[in-house]
Amino acid sequence: MRASLIQMHVDPAEPVNSRRERAGSLIRERASSDLVVLPELWPVGAFAFETFADQAEPCEGPTHQAMSQAARDAGVWLHAGSFVERAPDGTLYNTSLVFSPDGALAASYRKIHRFGFDKGEAVLMGAGDTPVMVPLPDTTLGLATCYDLRFPELFRQLVDAGAQTLVIPAGWPARRRAHWSLLARARAVENQSYVLACGTAGTNGGVEQAGHSVVVDPWGEVLAEAGPYEEVLTVDLDPAKVAKTRADFPALRDRVLGLDTP
């Protein structure tokens, strides 16, 4: 299975429509891939909080339409990163969309853990409450977004439900890049899963982005890592390696705590 992570540069001066068109072009260039992944909140910038309300759109809005068309044109599974969703009741969510190769919406995921403590996303957005998985022909994706990466219990739930590849779009700040790299590898090792962690480049809301998107295998080996600028990582994955790793080193079988008991 070939996966491509598109580490987009988010420039606050670039109009959102232009950014959607550019994202669509980058996706269409990845037609030889099976799965393409975009980063978190690439239409607006993860730290451009003041724009969230103005740029919010319904789930079926222009970002949905543009990404559906791009997935269909390229014939790929597309994890379209995330955008600011405005729900029918007016609540804003940090929402990810996954499209099948025919452009149909396969799944949506509202970010569960909101970043910012007492400001920013934590007070501007509602929280999702449902872990989401997406079955592909060769693997099963478990979805998470940025700050979710710090909460291992979410990933345990995903793996217990059958996830084999963990996909994590992010707008991670450069000043905590060491945490990003460490936690991506940790989630891969402890869950014996592939991790596809796709970040943004550039600066938005006054916050420099870490970039350094990374693909990690179930043993914790880094298969590819981007630098700080706009870049595309394309990696060939062996879906069978997840089952083999779990069979050869059955740590997940030996869990004691956190399991439901009769």
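Preceding this section is the structure that the text describes.
Quantities reported herein were computed from a predicted structural model and do not represent experimental measurements.

(A) Looking closely at helix α5 (residues 152-160). Inspection of α5 places L154, F155, L158 and V159 among the buried residues, and these make up the whole buried set. Within α5, the buried residues cover an arc of 135° as seen down the axis, which keeps them to one side. Those residues of α5 that are buried are in contact with β5 (105-110), β6 (133-135), β7 (140-143), β8 (165-169), α6 (177-191) and α7 (240-248). At the exit of α5 stands G162, carrying a positive phi of roughly 115°.

(B) Seen up close, the sheet that holds β8. With mixed pairing, six strands are arranged side by side in an open sheet as β6-β7-β8-β9-β12-β13. Edge positions in the sheet fall to β6 and β13 (222-225), since each has one partner strand and no second. Neighbouring strand axes in the sheet, compared pairwise and without regard to direction, differ in orientation by 15° on average. In the sheet, β8 pairs with strand β9 (residues 194-198) via five bridges, with the strands oriented parallel. Bridge pairing in β9 places V167 opposite L196. Its contacts with the sheet put α5 on β6, β7 and β8, and the angle it makes with β8 is roughly 140°. Across the sheet, α6 touches β8, β9, β12 (214-216) and β13, and the angle it forms with β9 is around 155°.

(C) Region of the structure containing unusual backbone geometry. Not every positive phi belongs to a glycine, and F117 is a case in point at roughly 60°. With respect to the element layout, F117 can be found in the loop between β5 and α4 (121-124). The backbone of Q192 sits at a positive phi, close to 50°, despite the residue not being glycine. The residue Q192 is located in the loop between α6 and β9 in this model. The class of Q192 is buried, set by a relative accessible area of 4%.

Rules used throughout
Residues numbered from 1 in each chain as written. Predicted model: local features only at pLDDT ≥ 70, side-chain atom pairs only at ≥ 80, totals over all residues. Heavy atoms only, no water. Buried < 20%, exposed > 50% of the residue type's maximum accessible area, 1.4 Å probe, protein only. Helix = DSSP H or I, 4+ residues; strand = E, 2+ residues; numbered from the N terminus. Arc of directions from axis to C-beta. Contact = heavy atoms within 4.5 Å. Pairing = 2+ DSSP bridges. Axes fitted to C-alpha atoms, helices over the stretch in contact; angles between N-to-C directions.

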